[in-house]
Amino acid sequence: MATAGPRCRQGGAAMASLAAAEPPAPRAASRSPALGPSRSGGERRSNAADAAQDTQSRSVDFDYIIALLGDSGSKDLEKEQLKTLKKVIKHFENGFPLKDVAQITDILNLCAERMCEQEAFTEPLCELIKLFGLPFQKRKSSDEANYSVEVSQSITHLAYLMSLESSQVRIQICKSVVNFFNTELPGKLLSGYQPTSPNYKIRMAEIGGLAEILVLSLKLVENQLTEKLWVLKALQHLSTSEESCEQMVHVQGASRLCLCLNGADPSGQLLFRSSDILWNLLEKASKEEVVYQLRSLECVHALKEAFLELVFGFRHCDHQLRNDLLVIATLLAESPAVPLIESGFAKILIVLATCTEVKLHNPLVKGFKLTYSYEDFEMKKLLFNIIAVLSKDPSAAQLLNESHVIPALLYYVKQNQRSGFPNWSAAQYEELQLHALAVLASVAPLLVDKYLSCHANTLLLAFLEWCMSQDTFFGGGNSFHGKGGRGTKIAQMRYSLRVLRSVVALYDDAVTNNLCDQGAISQLLDILKYAADKYKEKESIALLDIQADILFILSVLCEDDNDRKELFSCEGIGMLVSYLKMDPRKLCSDTGHNCLILSALDCLWSCVIGCFLAEESFIEKQGVFLLLDLLAIKDNNMCHIILGILVEFSDNPKTVLHMSIWKGKRGRTAANVLIQLWRQEEQDLGVKRDQYGKIVDTKRPLITSFQRQQKVIPLPASCPSFSINEVAESIRAKIYLLFCKLGFQNLPGLSAKDVATLAIIQHFIDFKIGEVWSEISAEIKEEFRPVTSDERTLKLISEVSEYTGRMVLGLQIEALERQHHQEIQEEKEIYKELQATQIKKEMINKSWKNFLAQTSNYEALKKAKMHQKTLIEASRSKAKIHDAPENSTDIPKLHTTVAPGRCVTVEGLCQEGLLANRDHACKMSSVCRAFRDYQKR
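Please read these numbers as outputs of a predicted model, since none were measured by experiment.

Digging into the overall build of the protein chain
For step 1, the next point in the chain: Counting its regular elements, the protein chain contains 46 helices and four strands.
For step 2, the next point in the chain: Long-range contacts, defined here as pairs at least 24 residues apart, represent 76% of the contacts in the protein chain between residues at least 6 apart.
For step 3, the next point in the chain: For the protein chain, the exposed surface amounts to about 48,400 Å²; the carbon and sulfur share of it is 53%.

With respect to a nonpolar patch on the surface
For step 1, the next point in the chain: Taken together, the side chains of Ile765, Ile769, Trp773 and Ile776 define a hydrophobic patch exposed on the protein surface, amounting to about 330 Å² of accessible area.
For step 2, the next point in the chain: Its location among the elements puts Ile776 in helix H43 (residues 764–783).
For step 3, the next point in the chain: Among the residues examined, Ile776 registers a relative accessible area of 33% and is labelled partly exposed.

Considerations on the packing of aromatic side chains
For step 1, the next point in the chain: Applying the stated rule across the entire model yields 15 aromatic pairs.
For step 2, the next point in the chain: Taking the centre distance of 6.2 Å and the plane angle of 85° together, the rings of Phe132 and Phe136 count as edge-to-face. The two residues Phe132 and Phe136 agree in class, both being buried.
For step 3, the next point in the chain: On the numbers, 5.9 Å between centres and 85° between planes, the contact of Phe384 with Tyr412 is edge-to-face. Of the two residues, Phe384 is situated in helix H20 (residues 374–390) and Tyr412 in the loop between helix H22 (405–410) and helix H23 (426–443); the sequence distance between them amounts to 28 residues.
For step 4, the next point in the chain: What makes Tyr412 buried here is its relative accessible area of 2%.
For step 5, the next point in the chain: Above the face of the Tyr292 ring, Arg295 is positioned so that its terminal group lies 3.6 Å from the ring centre.

Things to note about the pattern of salt bridges
For step 1, the next point in the chain: Inspection of every chain in the model, using the stated rule, returns 27 salt bridges.
For step 2, the next point in the chain: Between Asp533 and Lys529 there is a salt bridge whose closest N-O contact spans 3.4 Å. Of this pair, Asp533 and Lys529 both sit in helix H28 (residues 520–537), separated by four residues, roughly a single helical turn.
For step 3, the next point in the chain: Look at Asp533 and you get partly exposed, because its relative accessible area is 32%.
For step 4, the next point in the chain: A salt bridge links Arg679 to Asp754; the shortest N-O distance between them is 2.9 Å. Of this pair, Arg679 sits in helix H38 (residues 670–685) while Asp754 sits in helix H42 (residues 752–762), placing them 75 residues apart in sequence.
For step 5, the next point in the chain: When its relative accessible area of 23% is taken as the criterion, Arg679 is described as partly exposed.
For step 6, the next point in the chain: Residue classification places Asp754 among the buried positions, given a relative accessible area of 4%.

Some remarks on the packing of helix H29 (residues 541–558) against helix H33 (residues 593–607)
For step 1, the next point in the chain: The interhelical angle for the contact between H29 and H33, taken along N-to-C directions, is 20°, at an axis separation of 8 Å. Classified by the angle their axes make, H29 and H33 are roughly parallel. Crossing hand, H29 versus H33: left-handed. On H33, the residues that touch Leu544, Gln547, Ala548, Leu551, Phe552, Leu554, Ser555 and Cys558 of H29 are His593, Cys595, Leu596, Ser599, Ala600, Asp602, Cys603, Ser606 and Cys607.
For step 2, the next point in the chain: Here the contact of H29 with H33 is built from residues that sort into eleven nonpolar, five polar and one charged.

Concerning the nonpolar core
For step 1, the next point in the chain: Counting 251 residues, the largest nonpolar core has Leu125, Leu235, Leu281, Leu497, Leu627, Leu631 and Phe739 as its most contacted members.
For step 2, the next point in the chain: It is H29 that contributes the most residues to this core, 13 residues altogether.
For step 3, the next point in the chain: Not counting chain neighbours up to four residues away, the residues in contact with Leu631 comprise Cys639, Ile642, Leu643, Leu646, Val673, Leu674 and Leu677.

Examining the environment of Ser606
For step 1, the next point in the chain: Examined against the element boundaries, Ser606 turns out to sit in helix H33.
For step 2, the next point in the chain: On a C-alpha basis, the gap between Ser606 and Asp561 in space is 9.3 Å, while along the polypeptide they are 45 residues apart.
For step 3, the next point in the chain: Excluding residues within four positions of it along the chain, Ser606 makes contact with Ser555, Cys558, Glu559 and Lys565.

Thoughts on the confidence of the model for the protein chain
For step 1, the next point in the chain: Chain-level pLDDT for the protein chain is 83 on average; 85% of the residues reach the 70-or-more range.
For step 2, the next point in the chain: Residue range residues 1–57 is modelled with pLDDT below 50. Its contacts to residues more than four positions away, or to other chains, number 97 contacts.
For step 3, the next point in the chain: Contacts from residues 907–928, a stretch scored under 50 in pLDDT, to residues over four places away or in other chains number 26 contacts.

Parameters and conventions
Residues numbered from 1 in each chain as written. Predicted model: local features only at pLDDT ≥ 70, side-chain atom pairs only at ≥ 80, totals over all residues. Heavy atoms only, no water. Helix = DSSP H or I, 4+ residues; strand = E, 2+ residues; numbered from the N terminus. Contact = heavy atoms within 4.5 Å. Areas by Shrake-Rupley, 256 points an atom, 1.4 Å probe, with all protein chains shown as cover. Patch = residues over 30% accessible without salt bridge, like charges linked within 9 Å, V, L, I, M, F, W, Y side chains within 5 Å. Salt bridge = Lys/Arg side-chain N within 4 Å of Asp/Glu carboxyl O. Buried < 20%, exposed > 50% of the residue type's maximum accessible area, 1.4 Å probe, protein only. Phe/Tyr/Trp six-rings, centres within 6.5 Å; stacked < 30°, edge-to-face > 60°. Lys NZ or Arg CZ within 6 Å of the ring centre and 35° of its normal. Axes fitted to C-alpha atoms, helices over the stretch in contact; angles between N-to-C directions. Parallel < 35°, antiparallel > 145°, perpendicular 65-115°, else oblique. Left-handed = near helix turned anticlockwise from the far one by under 90°. Nonpolar A, V, L, I, M, F, W, Y, C, P; charged D, E, K, R; others polar. Core = buried A, V, L, I, M, F, W, Y, C linked by side-chain atoms within 4.5 Å. pLDDT = per-residue confidence, 0-100.

This is how it looks when you write it as structure tokens:
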């Protein structure tokens, strides 16, 4: 019968510590004397040939062995039991068949029980456990799935044997677990069998919860170094699996392993294996849960002591392990709940990061020596990174200030040298320099006073001047922060500006005044032009970031100061105009152009609006046209700010004139664009309109879907209502203000639907007032009943608002009907043109048919000739000319069947108006005769 573990009096207390992991249920054993056990969950029969082969290959009678081990008594019985166990071990020296695993587990548990009574069973038990490290053997490919339950349970039982108070057994269990990951095949296999797949045992160990049990067993081997190292080695192999890592975390494995870091171990294996498992847990299990388990002060102290021991180590492996612990400490520092500052660990890390730049004698780092090896270089970067992480915690400000972090970081704000710096190569120094600048951007806003006292702005402006110089320095661009700066000083410029942006973003007058007093505005404009020119030569993300950062810095520096705005307008207006001319297709890309144009618009608002000279310069350079071009793109991210800028500019009469004459694609006007934006905004807000844009709800024409769903909530007078908030959040109020400047009448390029929408815009303020009164009325009625006079007043206000809605609806209907009537008239005109065209085509066809008839039908030709004579006679003048000769219209010897053309030749004309040559009289047409009569008159 399978059991949860050996029934041993001495191991009873130890087994209680593993009670957290529930053992599998006992397996129902139904055995055959010759062929061994049948599998639980349904017996599978084999054919006669398989049965014969199985009998031949295995001669172990499990029923007899299990019964034998279950008995206890004389010495002879003990010898028989040991002899039988040796035979079993010898028989399965190349591995257990999958179908026998369940019975072997029973034998294993019975042997463990005997060991508790007689130490002679220790060696056979260890030999059986050793065989579990070999690959299992299968007869069929399906055996792996068929026996998965039995195998996973057997591995679980194997793990529970860790409760035995035998160092030899515990070490052998761990060795067998390590052998699970050995892919070497045994030298000999049973006849008709093959080894299971290499990962089969690992999968079964995951199902059986092996990692979880081994973590719990750490408490059992707490004072036995050798056993603990073997348990950690087994857990180190198991931690390569995500599922095993999750099992470890489930039983507080992270905190248990962290407390193992400082155990006494001359070999250093304890610290190495524990830290490696912690690393795997952070990578493969839930990072948040692992950090939560390590947040205790006890764990942080253990990590600190282990780190200090390695910091003063001299071996290469000590330095590598030290850096691994630094990474773990960094991950812990990202959680505010971890007491890194309270434990004193943070102070040690900061002092180590700054001790080489700021020469201070601190007892914490006494005896520490930087060897400038690759591991020390990596440590330096990790320490810088921890400072950046700690800067996110406001409670660390005092510690960072006391540790002189700002002066240490400013040490790197200086010109690079081609030959490198003492002890660091040029490439290493550049990487540290860029990293220091990136960290400074995080720390400086936290320590502004210290930043200013160190003259950081002066150092950064001088460093930026060097970045623009024609110095022969060329950046390597190999590090993360050096991306995009290979062969240039772009990376240094990028991170220097990022530092300035971080401190300027505080809107601290001391910072802005300090920068402006040093001529930062002119210098930043020069850098902006330099970056823009470089970007035209070769596009890069770094140059886009530089331009965006400069525009933001200028926005803060020039805001609310007209003198600075005038200084900016000298060169800055042209730069802003060039950004507004950006190709619209770039705005839809993911390369950062959208951010750049938004920064340019923000700079326009802060550096131009409010200064008359700057506004005039911007308008003269067709800035309003460019803003309308951008507005016509209908980018939701830009519409708010562009409309706000146009509203601010609209106080200038030239702005309204430029808006009135602007023409976009397909002849669109500014009014047309604004109306389309209004309709799109209402569609996004869920305002009810019909298909023609008419008002649906005349009582509350502007209400959005969110306002309809919102319940009545009484608010204090100081708190704005939803209707008021909606004015600031949507663009409808801005569009209304622009139309107040443009006017609501005689706007070109508007359709009937546009006119209907314009009627709503014109009465926006009336509708909004009615909407606010509707909210007031609802709030009043929610809390109490108003008096009669107040109720009458509220009702009157509601009726006035509804009347305005009906009036606007009438105007919309009138405009749409007028448009409909105009469309009908245009349709009639088009129909008349089509009708005339059709009649003309019919006449041409009829004329062509008559012409064909004259060429083939003599009677038709005679009829046509008579008709021609009639027309000729009708065209003759009725007045008689004295002594005028009679001219015949017939042409002698004419053999054509068609009428002559319209062109005739007149060869001569006498003074009396008669033809000089009577032989050609027949060639005169009726037109010439009429012209002669006109001359005589």
